[in-house]
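One letter stands for each residue in the lines below.
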Amino acid sequence: MKKTAKILAMATALGIIAAGAAAAETIKVGLAAEPYPPFTSPDATGNWQGWEIDFQKALCAEAKLDCVLTPVAWDGIIPALTSKKIDVIIGSMTITEERMKTIDFTDRYYKTPSGVIGTKGVAFEPTPEGLAGKTIGVQVSTTQEVYANTYFSGNGSTVKIYQTQDEANQDLVAGRIDAIQADLIPLEDFLKTEEGQACCEMKGVVKDDPAILGVGTGIGLRKGEDELKAKLNAAIKAIRDNGTYAEFTKNYFSFDIYGE
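This text gives an overview of the structure that appears in the document. Note on numbering: residues in each chain are counted from 1, in written sequence order. Selection of residues for local features in this predicted model requires a pLDDT of at least 70, selection of side-chain atom pairs for listing and counting requires 80 or more, and totals for whole chains, interfaces and linings are taken over all residues. Hydrogens and water molecules were not included; the side-chain quantities draw on all heavy atoms of the structure.

What to know about the overall build of the chain
Across its full length, the chain holds 10 helices and 12 strands. In terms of overall dimensions, the chain has C-alpha extents of about 90 × 35 × 35 Å along its principal axes. Across the 260 residues that make up the chain, the buried fraction comes to 47%. Across the chain, contacts joining residues at least 24 apart in sequence account for 71% of those joining residues at least 6 apart. A distance of 9 Å separates the average location of the 26 positive side-chain charges in the chain from that of its 35 negative side-chain charges. Here a helix means four or more residues in a row that DSSP labels H or I, a strand means two or more in a row labelled E, and each is numbered from the N terminus. Accessible area is worked out with a 1.4 Å probe on protein chains only. A residue is then buried under 20% of its type maximum, exposed over 50%, and partly exposed in between. Whether two residues touch is decided by their heavy atoms; if any such pair falls within 4.5 Å, the residues are in contact. Charge convention: Lys and Arg are scored as positive, Asp and Glu as negative, and His as well as the terminal groups of each chain are ignored. The atoms used to mark charge sites are NZ of Lys, CZ of Arg, CG of Asp and CD of Glu.

Remarks on the packing of aromatic side chains
Pairs were defined over the aromatic rings of Phe, Tyr and Trp, the Trp ring being its six-membered one, requiring ring centres within 6.5 Å. Orientation was assigned from the angle between planes: stacked under 30 degrees, edge-to-face over 60, tilted for the rest. Counted by the stated rule, this structure contains 17 aromatic pairs. Both rings, one in Tyr 147 and one in Phe 152, keep their centres 5.8 Å apart while their planes meet at 65°; by these two values the pair is edge-to-face. Judged by relative accessible area, which is 1%, Phe 152 ranks as buried. Ring geometry for Phe 253 versus Phe 255: centroids 5.6 Å apart, planes at 45°, classification tilted. Judged by relative accessible area, which is 39%, Phe 255 ranks as partly exposed.

Examining the pairing of strand β9 (residues 158–162)
Sheet topology places strand β8 (residues 135–139) next to β9; five bridges connect them, and they run parallel. By the bridge assignment, Gly 137 is partnered in β9 with Lys 160. For the crossover that starts at β8, traverses helix α4 (residues 143–151) and ends in the parallel β9, the hand is right-handed. Here the rule is simple: two strands pair whenever DSSP picks up at least two bridges between them. Classification remark: right-handed applies to a crossover when, strands pointing away from the viewer, the course from the first strand over the helix to the second runs clockwise.

Let's talk about the pattern of salt bridges
Here, a salt bridge means any side-chain nitrogen of Lys or Arg that lies within 4 Å of a carboxyl oxygen of Asp or Glu. Evaluation of the coordinates by the stated rule reveals 10 salt bridges. Measuring nitrogen to oxygen at the nearest pair gives 2.7 Å for the salt bridge that ties Asp 171 to Arg 176. Given a relative accessible area of 54%, Arg 176 falls into the exposed group.

Written as structure tokens, this is what we have:
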């Protein structure tokens, strides 16, 4: 009896260890090292906060993944993924055909249009004709950069590239550029700041081009990671279905960021 009990105890202990190991699968979650409020930004102590941080926490809890935040410079984030320095990208990366030549994506987890802001009181439309002769700021390695170069640069406009969205914002405030193109939500967030209210206003949304602007924002992962992709897709669906997604989203937005 003692021997049987000992065997059972060992089996139970091994089972607990195995279960713990399975539950503690660790993945490195890459996000842009540059602040991107209201989605991601470090607080005064260096801890990351924002809508996308809350999304990542809910997602990883649902998928039973131990997710380690790993900031990476935005223009190097895809190479970091393909070289296995990170395992996934949860950093407001738009799903595009061009990016899908290199990496894979989950289902989308939010979708916003692309907008243009500019100097207050200067009337122009967010069109090639409206921006003719103007200098437009965009962040490097974004769909906005591709769009601006495709639609605006050939019409007498100058497209100026910035490492961070904040640098573009500051140049607009200082009057060094005429406009900024970016995702609508960060632009609206900037316009709520004291600087944004003083200098600038929304000029409108650019004409959609899904081939460039994509079909929404998804989690980037390496090609062939089908098991992880399925797990993440299931978690995205689950937190939307069980209300978790809506619960943390209402802390940031008054509308459904998931889109139609």
